[in-house]
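Results of the structural survey
Listed here are the chains, written in short residue letters.
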Amino acid sequence: MPIIEVPVVIVGAGPAGIATAGCLNKLRISNIVLERDDCPASLWRKRAYDRLKLHLGKDFCSLPHYPFPSDFPKFVLRVDFLRYIDSYVAHFGIAINYNCSVDSAFIDQSSGKWRLLVTNNSSGADEIYEAEFLVVASGENSEEYIPNIQGLESYQGESMHCSKYLNGREMYKKNVLVVGCGNSGMEIAYDLSNWGAYTSIVIRSQVHYFTKEMVYAGMLMLKHFMVEKVDKMMVLMSKLKYGNMFKYGLTRPQEGPFALKIKGGTTPTIDVGCIEKIKKGKVKVYPGISSIKEGKVVKFVDGQHAHFDAIIFATGYKTNVLKWLKDYKNLFNENGMPKPSYPNHWKGEHGIYSAGFSKRGLEGISFDAMKIANDINFTLTSRVIVPASFAGQKATFKCNPQTLGLSIRPIDQLVDWS
């Protein structure tokens, strides 16, 4: 079986993967992206609801070296973001091998490089890639997460993860429960209500909530003021806008929104109209789910019971890194997340990097991509080739002569250049 050799292999063609490839291409460092789906940014393209748009202003969401077009709105629509992604791939000439699932990645003991065993689902063939540098860009959102709820397996209504939700067209006049009060949960509840569903939402934890304009203002203020001052302004704006929401089942955390974001990646909820629906009684708030009883009855932790025709889980995603990355301890912990905390999370030992694991959205992705590309560039350019004539010594190669190119060689023709 031939081995495909390339200096850098990037796993995942989401925004993090293509941003890293774009930065590497700008530095003329050869790389290849392996993507299990048949398109870039498949989460945005195939597993997102219709009305989705960027909740942060485009000033904070562009990928490196390629700003959004000036005619794009401040808050970019999903379809426009996908146009931007496709344009980014074309502009930087990013090489993506689609329908390629990485089965295993480990450090080959003989070469000291990363070896990836890959299934090409287009051809059905097995492939081997070898690289000095491995960028894990499969992200935090690789697989849907649905919590383990007693009785869920016997629920007789329709249940789905929010990645399967497009719009509420089929939910008219149905009783629908949304589980989760993050951006997706709140927006899906709002959308369902607009489509005529009898909508409820589970909010079991404290949450900050703002309009997207408030968050945009806060992001601008962070450029000039300390986090503590900006957080006080944000909470004041939220209270002036929404008032005390305690009687509706919503409470704010004691710690400020940006402090929480910096501390642990907890994102404040961007309200697109759901709070007003809650106030008017068009979206009912429940606490956590205790269990699901016979048929379609859901029991909540406060003892309430209610009948629901459908449950939509806006409960987030989880990483799949540990399923294929065997030598993960060079960077990742037992939960499949980087062991170092931000801003040092992007680099591990033995040439492994992570892109898109900072819990800081597209701005964090851009940070990762530029850091990774510059670090790889520094590593490659700092190596010295000693001339044969120098001090009468023989030439000593400190790098693979094919570092800057892609080559395919039969496995029995490998040469150790170390």
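Residues numbered from 1 in each chain as written. Predicted model: local features only at pLDDT ≥ 70, side-chain atom pairs only at ≥ 80, totals over all residues. Heavy atoms only, no water.

Looking now at the overall build of the protein chain. Across its full length, the protein chain carries 10 helices and 22 strands. Here the C-alpha atoms of the protein chain give a radius of gyration of 24 Å, agreeing with the 22 Å that 2.2 N^0.38 yields for 418 residues. If one aligns the C-alpha atoms of the protein chain with their principal axes, the spans along those axes are about 85 × 50 × 40 Å. When burial is assessed residue by residue, the protein chain has 51% of its 418 residues classed as buried. Put simply, of all contacts in the protein chain between residues at least 6 apart along the chain, 63% involve residues at least 24 apart. Computed over 50 positive and 40 negative side-chain charges, the inter-centroid distance for the protein chain is 7 Å. (Helix = DSSP H or I, 4+ residues; strand = E, 2+ residues; numbered from the N terminus. Rg over C-alpha atoms; globule rule 2.2 N^0.38 Å. Buried < 20%, exposed > 50% of the residue type's maximum accessible area, 1.4 Å probe, protein only. Contact = heavy atoms within 4.5 Å. Lys, Arg positive; Asp, Glu negative; His and termini not counted. Charge placed at Lys NZ, Arg CZ, Asp CG, Glu CD.)

Once that is clear, we can look at the state of the cysteines. Summed over the entire model, instances satisfying the criterion amount to 0 disulfides. No disulfide involves Cys162; its sulfur sits 13 Å from that of Cys181, the nearest cysteine. A relative accessible area of 6% places Cys162 in the buried class. Lacking any disulfide linkage, Cys181 is separated from the closest cysteine sulfur, that of Cys274, by 9.8 Å. By relative accessible area, which is 11% here, Cys181 ends up buried. (Disulfide = S-S within 2.5 Å.)

Let us now look at the packing of helix α1 (residues 15–26) against helix α3 (residues 78–91). The interhelical angle for the contact between α1 and α3, taken along N-to-C directions, is 30°, at an axis separation of 10 Å. Classified by chirality, the crossing of α3 by α1 is left-handed. Across the interface between the two elements, Pro15, Ile18, Ala19 and Gly22 from α1 touch Phe81, Ile85, Tyr88 and Val89 from α3. Here the residues of the contact of α1 with α3 sort into 7 nonpolar, 1 polar and no charged. (Axes fitted to C-alpha atoms, helices over the stretch in contact; angles between N-to-C directions. Left-handed = near helix turned anticlockwise from the far one by under 90°. Nonpolar A, V, L, I, M, F, W, Y, C, P; charged D, E, K, R; others polar.)

Moving on: the packing of aromatic side chains. Using the criterion set out here, one finds 20 aromatic pairs in the structure. Ring plane angle 85° and centroid distance 5.6 Å describe the contact between Tyr66 and Tyr88, whose orientation is recorded as edge-to-face. Here the residue Tyr66 occupies a position in the loop between α2 (42–46) and α3, and Tyr88 occupies one in helix α3, the gap between them amounting to 22 residues. Exposure remark for Tyr66: the relative accessible area of 18% places this residue in the buried category. Ring centres of Tyr209 and Tyr242 lie 5.4 Å apart, and the angle between their planes is 70°; on these two criteria the pair is classed as edge-to-face. You can see Tyr209 sitting in strand β13 (residues 209–210) and its partner Tyr242 sitting in helix α6 (residues 227–242), a full 33 residues away along the chain. Summarising the burial analysis for this pair, Tyr209 and Tyr242 share the class buried. By the ring-pair criterion, three or more aromatic residues cluster together here, those being Trp44, Tyr66, Phe68, Phe72, Phe81, Tyr84, Tyr88 and Phe92. (Phe/Tyr/Trp six-rings, centres within 6.5 Å; stacked < 30°, edge-to-face > 60°.)

This paragraph deals with the sheet that holds strand β10 (residues 158–161). Sheet strands associate in pairs through backbone hydrogen bonding, adopting either a parallel or an antiparallel arrangement. Reading across the sheet, the 5 strands line up as β10-β19-β11-β12-β15 and stay open at both edges, with parallel pairing between neighbours. What marks the edges here is a single partner per strand, and that holds for β10 and β15 (283–286). Taking each pair of neighbouring strands and ignoring which way they run, the sheet shows an average axis angle of 20°. For strand β12 (residues 198–202) and β15, the ladder comprises 4 bridges, and the chain directions are parallel. Residue pairing across strands places Val202 opposite Tyr286, the latter belonging to β15. Contacts between helix α4 (residues 183–194) and the sheet are confined to β11 (175–179), β12, β15 and β19 (310–313), with β12 contributing the most and set at about 170° to the helix. (Pairing = 2+ DSSP bridges.)

Okay, α4 next. Spanning 12 residues, α4 covers 17 Å between terminal C-alpha atoms, matching the ideal 16 Å at 1.5 Å per step. For α4, a buried count of 10 out of 12 residues is recorded, marking the element as mostly surrounded by other parts of the structure. Phi turns positive one or two residues past the end of α4, at Gly196, with a value near 95°. (Expected span 1.5 Å × (residues − 1).)

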